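# Structural characterization, general
The residues making up each chain are set out below.
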Amino acid sequence: MYYTRPLKGPPMYVSAHHIISVHYTLTDDDNALIDSTYDDNKPMVYLHGRGQMIIGFEQAVAKAGIGEKRNFTVAPNEGYGLRNVNNTQRIPIKYLKHEGKLSIGKAIHVNTDNGVKPGTVIKVGRFNVDVDMNHPLAGKNLTFEVEIVDIRKATKEETDHGHVHGDQGCNH
């Protein structure tokens, strides 16, 4: 009995409505490591073109093929934005009990009208906490070393829901 492998289709490239698996290392201007998928050897998986990644990242990896490596730096205006010194909130401590002991510099998650947002404690009072609501990476140049591990077309359900489903993504 003969088995035939299906013919390979045309090469795939990073584009909208595709699920992209990437390994990356992220550093700042001082070459300090911010994040890396190589630590646990598990690539990051996302739906390209749906705003899951910062715009500068998506633009820089667009049209890359499987196995391709790219190095690039994303400026704040195409990353997490510029720091806004007025972007602080005073929050009653009772609304942050889920965060445990609060101290200056602690990264926390704040429930807002626009969903859960990251924040950093800048002052702890008796009843209230002042929180810097800028993203921790706001105002920073971000340097990525990226390797495209896999590309596949998103299913209709993934495209409709706007995120990855299955083993490497969310299951709802």
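No experiment lies behind these values; they were computed from the predicted model shown.

Throughout the structure, instances matching the rule amount to five aromatic pairs. Aromatic side chains F72 and F144 sit 5.4 Å apart centroid to centroid with 25° between the ring planes, which places their arrangement in the stacked category. Within this pair, whereas F72 is found in strand β4 (residues 69-74), its partner F144 is found in strand β9 (residues 142-153), the two being separated by 72 residues in sequence. Within the aromatic cluster, the residues linked to one another by ring pairs are Y24, Y46, F57, F72 and F144.

Here strand β1 (residues 18-27) runs beside β9; their pairing, made up of ten bridges, is antiparallel. Across the sheet, the residue bridging to Y24 is V146, located in β9.

Time to look at the nonpolar core. F57, F144, V146 and I148 are the most contacted members of the largest nonpolar core, which has 20 residues in total. Elements with a contribution of two residues or more to this core: β1, β3 (44-47), α1 (55-61), β4 and β9. The element that contributes the greatest number of residues to this core is β9, accounting for five residues. Those residues in contact with V146 that sit more than four places away from it in its chain are V22, H23, Y24, F57, V61, E68, K69, R70, N71 and F72.

On to the pairing of β1. On a regular strand, each side chain points to the face opposite its neighbour's, so the side chains alternate between the two faces of the sheet. For β1, the tally of buried residues reaches ten of ten residues, placing the bulk of the element in the interior. Both β1 and β3 contribute to a ladder of four bridges, which runs antiparallel. The residue of β3 that forms the bridge with S21 is V45. Examined bridge by bridge, β1 and strand β2 (residues 33-36) share three bridges and lie antiparallel to one another. Along β2, the bridge assignment pairs L26 with D35. Count of turn residues in the β1/β2 antiparallel hairpin: five residues, of which N31 carries a positive phi of about 65°.

Confidence in the prediction for the protein chain averages 90 pLDDT; 91% of positions are at 70 or higher. Note that residues 1-7 has pLDDT below 50 and, in this model, zero contacts with residues that lie over four places away or in other chains.

Each value, and the rule that gives it
- Residues numbered from 1 in each chain as written.
- Predicted model: local features only at pLDDT ≥ 70, side-chain atom pairs only at ≥ 80, totals over all residues.
- Heavy atoms only, no water.
- Phe/Tyr/Trp six-rings, centres within 6.5 Å; stacked < 30°, edge-to-face > 60°.
- Helix = DSSP H or I, 4+ residues; strand = E, 2+ residues; numbered from the N terminus.
- Pairing = 2+ DSSP bridges.
- Core = buried A, V, L, I, M, F, W, Y, C linked by side-chain atoms within 4.5 Å.
- Buried < 20%, exposed > 50% of the residue type's maximum accessible area, 1.4 Å probe, protein only.
- Contact = heavy atoms within 4.5 Å.
- pLDDT = per-residue confidence, 0-100.

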